[in-house]
Amino acid sequence: MESQKKMMVVFGLLAAVFLESVAAQTAHVVGGSVGWTIPQNGAQEYVTWASGQKFMVGDVLIFNFATDTHDVVQVPKASFDSCSSANPIGSTITTGPANITLTAAGDHYYICTFGRHCQSGQKLVITVSASATSPGASPSAPTPMSPPPPTTTATPTTPSPTSDAPCPPVQAPSPSTKTTGPTASTTPGSTVLPPSSSSPAVGAGFVLCLLPLVMGLFF
């Protein structure tokens, strides 16, 4: 059962490749409705027809003609210009219709060798372009990407000690008693001293003000 599944998968892949290759081919009927014959307008007839076509590697040329009345053979440019079959490229096809597959890119030249058919205009030149899947087509080079700019890392700086650090407000000690009325008289010979500046609240505020300076010096 497992082997049958594998065979079905392989068969499906082959069928897909075959269908893709067939769909990529284009069949060109040489001369259109005129076919492969002595054209009434001379060689310009096939020049005009070829100018409206796009030939790719893998396409097929169909030369429609009656057997024993015409033939077709591929020749080099010199033989094409002189209508000579002395240097044929491949065999001369005498049975119509003839199907010729385009296997290479470049200029292709075809003539009929019957009598003076070629001199009368029964000759064809086409230019074949390489398809995207043909071996001769070179893949386009990837566009180089510019490297990202270097990332700069900011060096952390040690905060310098400052004397602008806010100090907690120092509250002056409030008097314990509030006198009303006439000012009490003091005892003669005794001196009234102002509040001492070394009270606990003032000392704590001073220490808090000096703490940032000390930390900045050691850290």
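Residues numbered from 1 in each chain as written. Predicted model: local features only at pLDDT ≥ 70, side-chain atom pairs only at ≥ 80, totals over all residues. Heavy atoms only, no water.

### A few points about the overall build of the protein chain
Note the threshold: Working definition: helices are DSSP H or I runs of at least four residues, strands are E runs of at least two. Numbering for both runs from the N terminus. Categorising residues by exposure relies on relative accessible area from a 1.4 Å probe, with only protein chains included: less than 20% of the type maximum marks a residue as buried, more than 50% marks it as exposed, and the intermediate range marks it as partly exposed. The contact criterion used throughout is that any non-hydrogen atoms of two residues lie within 4.5 Å. In this description, accessible areas are obtained by the Shrake-Rupley approach with a 1.4 Å probe, and a residue is regarded as covered only by the protein chains that are shown.
When you go through the protein chain residue by residue, the secondary structure sums to 4 helices and 8 strands. Going residue by residue from the N terminus, the α and β elements of the protein chain occur as α-β-α-β-β-β-α-β-β-β-β-α. Out of the 219 residues in the protein chain, the part that is buried amounts to 22%. Across the protein chain, contacts joining residues at least 24 apart in sequence account for 72% of those joining residues at least 6 apart. Accessible area of the protein chain: about 16,200 Å², with a carbon and sulfur share of 63%.

### Points about the sheet that holds strand 7 (residues 106-111)
This is how it is decided: At least two bridges found by DSSP between two strands are what make those strands a pair.
Reading across the sheet, the 5 strands line up as 2-8-7-4-5 and stay open at both edges, with mixed pairing between neighbours. One side of each edge strand has no neighbouring strand; the edge strands of this open sheet are strand 2 (55-56) and strand 5 (89-93). With 2 bridges connecting them, strand 4 (residues 72-74) and strand 5 associate as antiparallel partners. Considered in strand 5, the bridge of V72 is made with I93.

### Some remarks on the nonpolar core
Put simply, the test is: Take the buried Ala, Val, Leu, Ile, Met, Phe, Trp, Tyr and Cys residues and link them wherever side-chain atoms come within 4.5 Å; each set so joined is a nonpolar core.
Membership of the largest hydrophobic core comes to 19 residues, with the highest contact counts inside it found for W36, F63, Y110, L124 and I126. Y110 has contacts with W36, L61, F63, V72, V73, Q74, F80, I100, L102, K123, L124 and I126, leaving out every residue within four places of it along the chain.

### Section: the confidence of the model for the protein chain
Going by this rule: For every residue, the pLDDT score states the predictor's confidence, bounded by 0 at the bottom and 100 at the top.
Averaged over every residue, the pLDDT of the protein chain is 73; residues scoring 70 or more account for 49%. Every residue in residues 9-23 scores below 50 in pLDDT, and together they form 0 contacts with partners more than four places removed in sequence or on other chains. Confidence drops under pLDDT 50 across residues 161-165; counting only partners more than four residues distant or on other chains, this segment forms 5 contacts.

### Quick word on the state of the cysteines
The criterion, for reference: Two cysteine sulfur atoms form a disulfide, by the criterion used here, when they sit within 2.5 Å.
Tallied over the full model, the rule gives 1 disulfide. Sulfur-sulfur distance for the disulfide between C83 and C118 comes to 2.1 Å. In this structure the cystine formed by C83 and C118 twists about its S-S bond by roughly -70°; its chirality is therefore left-handed. Here C118 lies in the loop between strand 7 and strand 8 (123-129) and C83 lies in the loop between helix 3 (77-82) and strand 5, a separation of 35 residues in the sequence. Judged by relative accessible area, which is 17%, C83 ranks as buried.

### Topic: the packing of aromatic side chains
Stated formally: Only Phe, Tyr and Trp rings take part, Trp by its six-membered ring, and two of them pair if their centres are within 6.5 Å. Stacked means planes under 30 degrees apart, edge-to-face means over 60, and tilted covers everything else.
On inspection of all chains with the given rule, the structure shows 5 aromatic pairs. Look at W49 and F55: their rings are 5.8 Å apart centre to centre, the planes differ by 55°, and that puts the pair in the tilted class. W49 sits in the buried class, given a relative accessible area of 14%. Summarising the aromatic geometry, the rings of F63 and Y110 are spaced 5.6 Å apart at their centres and angled 55° between planes, so their arrangement reads as tilted.

### Focus on the sheet that holds strand 3 (residues 60-63)
What counts, and what does not: A fitted line through C-alpha atoms represents every axis, and for helices the fit uses only the stretch in contact; the resulting angles, taken between N-to-C directions, go from 0 to 180 degrees.
Here we have 3 strands laid out as an open sheet, ordered 1-3-6, and mixed in their pairing. On the outer flanks of this sheet lie strand 1 (27-29) and strand 6 (98-101), each paired with one strand and no other. Sheet twist, expressed as the mean angle between neighbouring strand axes with direction ignored, is 25°.

### Let's talk about helix 2 (residues 44-51)
The cut-off we apply is this: What the arc covers is the set of directions going from the helix axis to the C-beta atoms.
Every buried residue belonging to helix 2 is among Y46, W49 and A50, and all of these are buried. What you see down the axis of helix 2 is that its buried residues fit within an arc of 95°, all on one side. Contact partners of the buried residues in helix 2: strand 1, strand 2 and strand 8.

### Concerning unusual backbone geometry
Residue P97 is bonded to the preceding G96 through a cis peptide linkage, with omega at -5°. Secondary-structure assignment places P97 in the loop between strand 5 and strand 6. Of note, the phi angle at C83 is positive, near 55°, even though the residue is not glycine.

### A few points about the pairing of strand 7
Note that strand 4 and strand 7 share 2 bridges and pair antiparallel. Each bridged residue has a counterpart across the sheet, and for V73 the counterpart in strand 7 is I111. Bridge count between strand 7 and strand 8: 6 bridges; the pairing is antiparallel. Note that in strand 8 the partner of D107 across the bridge is T127.

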